[in-house]
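A closer look at the structure
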Amino acid sequence: MALSVKQVKKKFGALEVIQGVSLEVTEPEIICIVGPSGCGKSTLLNIIGSIDAPDSGSVENTYEKVGYVFQEDRLLPWRNVGENIRLVNHAFSEADTRALLEALELEGFENAMPDTLSGGMRQRVAIARAFAYGPDLMLMDEPLKSLDLQLRLNILKLLQGVWRQHKCAILYVTHEIDEALLLGDRIVVMEKRPSKIKRELEISIPREQRQFGSSELDAYRQIIISELFSNEREDK
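Along each chain, residues carry numbers from 1 onward, in the same order as the chain's sequence is written. Owing to the predicted nature of the model, reporting of local features is limited to residues with pLDDT of at least 70; listing and counting of side-chain atom pairs is limited to 80 or more, with chain, interface and lining totals taken over all residues. To get the side-chain values, take all heavy atoms of the structure and skip hydrogens and water.

1. Digging into the sheet that holds strand β3 (residues 30–34)
Let me state the cut-off plainly: If DSSP finds at least two bridges between two strands, the strands pair. Per the convention used, a helix needs a DSSP run of H or I reaching at least four residues, while a strand needs a run of E reaching at least two, with both numbered from the N terminus. Angular values range over 0 to 180 degrees, each being the angle between N-to-C directions of two axes fitted as lines to C-alpha atoms, with helices fitted over their stretch in contact. Pairs of residues are marked as contacts when any of their non-hydrogen atoms sit within 4.5 Å.
The sheet built from six strands is open, its strands ordered β5-β6-β7-β3-β8-β9 with mixed pairing. Two strands in the sheet have a free side with no partner beyond their single neighbour: β5 (66–69) and β9 (197–202). Looking at each pair of strands side by side, their axes are set apart by 15° on average, direction ignored. Two elements, strand β6 (residues 137–141) and strand β7 (residues 169–173), share five bridges in a ladder whose sense is parallel. Across the sheet, the residue bridging to Met138 is Ile170, located in β7. Strand contacts of helix α1 (residues 41–48): β3, β5, β6, β7 and β8 (186–190), with the helix running at about 150° to β6, the strand carrying the most contacts.

2. Focus: the packing of aromatic side chains
The description of two aromatic rings rests on the distance between their centres and on the angle between their planes. In plain terms, the rule: When two rings of Phe, Tyr or Trp (its six-membered ring) have centres within 6.5 Å they constitute a pair, described as stacked for plane angles under 30 degrees, edge-to-face for angles over 60, and tilted for the intermediate range. Three exposure classes are used, based on accessible area relative to the maximum for each residue type with a 1.4 Å probe and protein chains only: buried under 20%, partly exposed in between, and exposed over 50%. Lysine and arginine charges are scored as sitting over a ring when NZ or CZ, respectively, is within 6 Å of the ring centre and within 35 degrees of the ring normal.
Tallying each qualifying case throughout the model produces one aromatic pair. On the basis of an interplanar angle of 0° and a centroid distance of 4.2 Å, the ring pair of Tyr68 and Phe70 is categorised as stacked. Given a relative accessible area of 17%, Tyr68 falls into the buried group. The class for Phe70 is partly exposed, based on a relative accessible area of 22%. The ring of Trp163 is capped by Lys167, whose NZ or CZ atom sits 4.8 Å from the centre of that ring.

3. Description of the packing of helix α4 (residues 119–132) against helix α5 (residues 149–165)
Rules: For this classification, under 35 degrees means roughly parallel, over 145 means roughly antiparallel, 65 to 115 means roughly perpendicular, and everything else is oblique. A crossing counts as left-handed when the near helix is turned anticlockwise from the far one by less than a right angle, and as right-handed when that turn is clockwise. Residue classes follow a fixed rule: Ala, Val, Leu, Ile, Met, Phe, Trp, Tyr, Cys and Pro count as nonpolar, while Asp, Glu, Lys and Arg count as charged, and any other residue, Gly among them, counts as polar.
Running from amino to carboxyl end, α4 crosses α5 at an angle of 15°, the nearest separation of the two axes being 11 Å. Relative to α5, the element α4 lies roughly parallel. The two elements α4 and α5 meet at a crossing, and its hand is right-handed. Packed against α4, whose contacting residues are Gly120, Arg124, Ile127 and Phe131, the element α5 presents Leu151, Ile155, Leu158, Leu159, Val162 and Trp163 at the interface. Residue composition of the contact of α4 with α5, by class: eight nonpolar, one polar and one charged.

4. A closer look at the side chain of Gln160
By the secondary structure assignment, Gln160 is in helix α5. Once residues lying within four places of it in the same chain are set aside, the contact partners of Gln160 are Leu182, Leu183 and Arg207.

5. Here's the deal with the nonpolar core
So the rule is basically this: Definition used in this section: a nonpolar core is a set of buried Ala, Val, Leu, Ile, Met, Phe, Trp, Tyr and Cys residues joined via side-chain atoms within 4.5 Å.
Ile127, Phe131, Ile170, Tyr172, Ile187 and Ile224 are the most contacted members of the largest nonpolar core, which totals 49 residues. Setting aside its immediate chain neighbours within four residues, Ile170 contacts Glu29, Ile30, Ile31, Phe131, Met138, Met140 and Trp163.

6. Brief notes about the sheet that holds strand β2 (residues 15–25)
Here we have three strands laid out as an open sheet, ordered β2-β1-β4, and antiparallel in their pairing. With one partner strand each, in any of the chains shown, β2 and β4 (56–61) form the two edges of the open sheet. Averaged over all neighbouring strand pairs, the angle between strand axes comes to 25°, with direction disregarded. With five bridges joining them, strand β1 (residues 3–12) and β4 adopt antiparallel strand pairing. Considered in β4, the bridge of Lys6 is made with Ser58. Sheet contacts for α1: β1, β2 and β4; angle to β1, the most-contacted strand, approximately 120°.

7. What to know about the side chain of Arg186
Among the structural elements, Arg186 can be located in strand β8. With near-sequence residues (within four places) excluded, Arg186 lies in contact with Leu23, Glu24, Val25, Glu29, Ile30, Ile31, Cys32, Glu200, Leu201 and Glu202.

8. Considering unusual backbone geometry
With omega at -5°, the peptide bond leading from Arg193 into Pro194 counts as cis. Mapped onto the elements of the fold, Pro194 is located in the loop between β8 and β9. Positive phi, normally seen in glycine, also occurs at Gln7, with a value near 50°. Judged by relative accessible area, which is 48%, Gln7 ranks as partly exposed.

Dropping the structure here:
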């Protein structure tokens, strides 16, 4: 299974958002996408997920099942946690649900209604629902955007644990460089709108050895910051 994005372009009216993006995915790896606000990161995910269509270029996707985690949790308020999760996969048993909830530290909340949960808990349920679908390719659009730092770090650890059990390819959009450094096998840096991919970095440090703010990640961090800020320097 593979994903091949070739020279994809996209406009919204007169606004040119993406100008020739190409990307290849062939392994069950985690690819983090970073870039300036408005550079088309979410648009790229929507094109890959067939929510939007490119104006030109091509997307060849042989992954059979594509999951999506949005910035908002999109839980059905009239269904409890377990029902929200099993809604996407009727073959997913209650035992499967409990195991997934336990992995995301939500044990005991299977019968809870969404409006009784905190924002972080709701987002973990959304992540659980996406994995319950059994995707070969997962698209995650800033799923931890509204959460504080410590909660994001906790959920990132839980997400890594679940991913190790349910291996799939993940495209993960984030504004947080350290989030990408902790999670990604590859980091894709997009330039300002109209956007292309400016750089790809492969992170050689094993994921389980990475620590938030560690000096071992400094070289990668400085490269990403340099690429992002070079966009602003080029405007001056």
